[in-house]
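Structure assessment
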Amino acid sequence: MALTADDVNQIARLARLSLSENEAESFAGSLNGILDYVQKIDEVDTGGVEPTSRVARLSNVVREDRVEPSLSTEEALSNAPDKSGEYFRVPRVLEINE
Amino acid sequence: MPLEDYEIIIGLEVHAELKTESKVFCGCSTKFGAQPNSQVCPVCLGLPGTLPVLNKRALELTILAGLALNCKIAEHTGFDRKQYFYPDLPKGYQISQFDRPICYDGFIEILADDRDGNEVKRVGINRVHLEEESGKSVHSGTGILDSSYSLLDYNRSGIPLIEIVSEPDLRSPQEARRFLEELKRLLEYTGVSDCKMEEGSLRCDANVSLRKRGETRFGVKCEIKNMNSFRAVEAAILHEAERQAELLDAGEQVEPQTRGWDELTGTTVFMRSKESSSDYRYLPDPDLVDLVIDAGMVEALRENLPEMPGQKRRRYVEELKIPEYDAELISGSRNLAEYFESVVAVYNGPAKIVSNWVMGEFLRLINQEKVEIEDAKISPEEFAAVLRLVDNGTISGSVAKGVFEEVFRTGEDPESIVKRQGLAQISDADELSAVVDGIIEANPKAVEDVKSGNHKAIGFLVGQVMKETKGQANPKVVNQLLRDRLGL
C-alpha cells in the first residue's frame, strides 16, 4: 500500500506543515522508499509473538506522591518568546468556526 | 411530533481530578489557586529531554475509582500519546490511554425514571482511564472569538485526571443528572476526587442522540461541552434534544457536531463538525514503561474501600432503625455520615434522635455558618452530651437548641454552658407555681376555653409559661400544674 500525495498532505496538515504540490509528490516518493525498506521486517515470522512497543523489559516504574520543588516563575518564563506578567503569551487561538 | 415520541439516548464522559499531592508525571504541587506558572517544571512544561515518571498514588486512585464503579481492572496496561496542537498542551501530545484503559466494563446504579421513582437502573461504565490535565488559557478580549492573544498558565498541566465513559444507557436529562450525582458521591466516598465543579475538578461532556420510540438503531449524535454544573448538564441535554427533535420533525438530518453549552442564552451553539475532527494518531508512549497490575495490588486496594453510600443507607435503616429519608440524606455525604456515626457511637439513646438533630440544628448551622463538617467545633462527644442533658431532664428541648448553637460556635463543654448561664430546667412545682398563676390570671380567654372543654387550649398556656421562663420550665410539670389549677 504505497503512500499517495494525498496521504502526505494529510500528514503534513496534522504536523502543521505546508507543502507545495511538487514537495508532496517528492516526499511521497521518499517516504515510500523508507517504508519499502522497513517492510523487510515483514519477512520475519512473528506468529505467536506478543506485540510490543518497547525493548526495555521494565514495568511499573513509579514514584511516591511527594511534592518536589518547582521552577520559579521567572525561570519557567525565561525561554518564552513572549510573556505577559506571570503568563506565557501566545497568538490568538481560533477553533470555533461559525 | 412532541419530544415524548422520541427516545433520548445519552452517554456521558466525565473528567475528575485525582486527589494527589503532586502531579501525575512530575513532583510539582497540584494545589489549587496558586500564582500562575509557579507550580511548573521541565516535565509539565514539555521541555525537550525530560522524562515522565508515574505517580503511584494516581495509579492507585484510578484503580480505586474502578472498584467503586464495579469495573474490571486490566492486568496489562500502559500509556499512549494523543497528539494534537493547542497552546495549553506544551508537548504537542497528551499522555493518555487508548486501547488499554486501567478499568473497564463496570456499572453504577441509579434510580430510574419510573413514576414512583423506586426502580433501580444499572448504567454501564465503558471505561475509566488515567491521563494528564492540560494547562489553562486566558483569552484576551471578551472571548475566544475576538481575542488577539491568549495567556497560558501551566499550573494545571500534568495534574492527574481520570476520564470515565458511560455506556449510552441514560434516557433522560434527569437520569443524566442522577448518574452524575451518584458518580460524584462514589468518587468523594472513596477519596478519589474532591469533585468540585466550581474549581474544574469535575467536568462533564454529553453525547446526545434521538430515535423514534420503538426504533432499535441509534441516531446521529452530537457532543455537548462546557457544562459547568449539574443543573447545566440537565438543561443542556434537554435543549439539545429539543433542537434535534425540531430538525427531525422538519425532515432534516442531525449533523454530527461538537456543540458548546451557552449558560447565558440557555442554548447549545455549534463549535466544530465531527468530520473535521482531529486524527489523534495514538501511539504507545516510549517514555513510560508498561504497567502490570497484579491481583494482590487490586485486593489490597479493595480492602481499603470504605463502606459505600448504598450499603450505609441500608445499614442505617436496618440496624439503626432510622427512616429511609434520613438514611438517604445522611449517607449522601461521607463526612456527614461519619460524623453521624461517631455521635451514635457515643450516645446511648435512639439513633433517630441523633438523625433529627444532625439533619435539623447541625446542618442548619453548617449551612448558615458556611463551615465544613470536618471543621465543626462541636465534637461528637459534645453533641451526644447535649442530647443526654435533654434525656435526663437537665434542660428542656428548646433550651437545648440554644446550648447546641453555643457549643457549635465555641466548642465549649455543654454542661459548663448550662451551669454558667443558669439554663437548667426548672422542675420544682413550688418554684413554677407563681408563674403558672400569673399566666392564668393574664389569659382569661384561654382559661375559659379550657374550662369549656377545649383541652387543646392548654398547650397555649404551657407555651406562655415556657416563654415566661425563657424555656427553662419543665413542660411536663407545667402541664400538671395547669391541670390541677383548672380542675381537669
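This report concerns the structure included in the present document. Note that this is a predicted model, so its numbers are computed, not measured.

**Points about the overall build of chain A**
A count of helices and strands for chain A gives 3 helices and 3 strands. In chain A, the succession of helices and strands from N to C terminus is α-α-β-α-β-β. Here the C-alpha atoms of chain A give a radius of gyration of 23 Å, more than 25% beyond the 13 Å that 2.2 N^0.38 yields for 98 residues. With 98 residues in all, chain A has 17% of them scored as buried.

**Quick word on the interface of chain A and chain B**
Contact with chain A, which involves 36 residues of that partner, is made by 52 residues of chain B. At the boundary of chain A with chain B, total buried surface from both sides reaches about 4000 Å², with 57% on carbon and sulfur atoms. Contact with chain B buries area across many residues of chain A, yet R54, R63 and D65 of chain A alone supply 17% of it, more than any other trio. Summed over the shared surface of chain A and chain B, the number is 1 salt bridge.

**Quick notes on the sheet that holds strand 7 (residues 103-111) of chain B**
Residue and element names in this part refer to chain B. The mixed open sheet is built from 9 strands, whose spatial order is 3-7-8-11-1-12-13-14-15. With one partner strand each, in any of the chains shown, strand 3 (72-73) and strand 15 (267-273) form the two edges of the open sheet. As judged from the 7 bridges shared by strand 8 (residues 120-132) and strand 11 (residues 160-166), these two strands associate in the antiparallel manner. For E131, the partnering residue across the bridge sits in strand 11 and is L161. On the sheet, helix 2 (residues 173-189) packs against strand 1 (6-17), strand 7, strand 8, strand 11 and strand 12 (202-212) and is oriented at approximately 115° with respect to strand 7. Sheet strands in contact with helix 3 (residues 230-249) are strand 1, strand 12, strand 13 (222-227), strand 14 (257-262) and strand 15, and its direction is about 25° off that of strand 12.

Basis of the calculations
- Residues numbered from 1 in each chain as written.
- Chains lettered and ligands numbered in written order.
- Predicted model: local features only at pLDDT ≥ 70, side-chain atom pairs only at ≥ 80, totals over all residues.
- Heavy atoms only, no water.
- Helix = DSSP H or I, 4+ residues; strand = E, 2+ residues; numbered from the N terminus.
- Rg over C-alpha atoms; globule rule 2.2 N^0.38 Å.
- Buried < 20%, exposed > 50% of the residue type's maximum accessible area, 1.4 Å probe, protein only.
- Contact = heavy atoms within 4.5 Å.
- Buried area = accessible area lost by both parts, 1.4 Å probe.
- Salt bridge = Lys/Arg side-chain N within 4 Å of Asp/Glu carboxyl O.
- Pairing = 2+ DSSP bridges.
- Axes fitted to C-alpha atoms, helices over the stretch in contact; angles between N-to-C directions.

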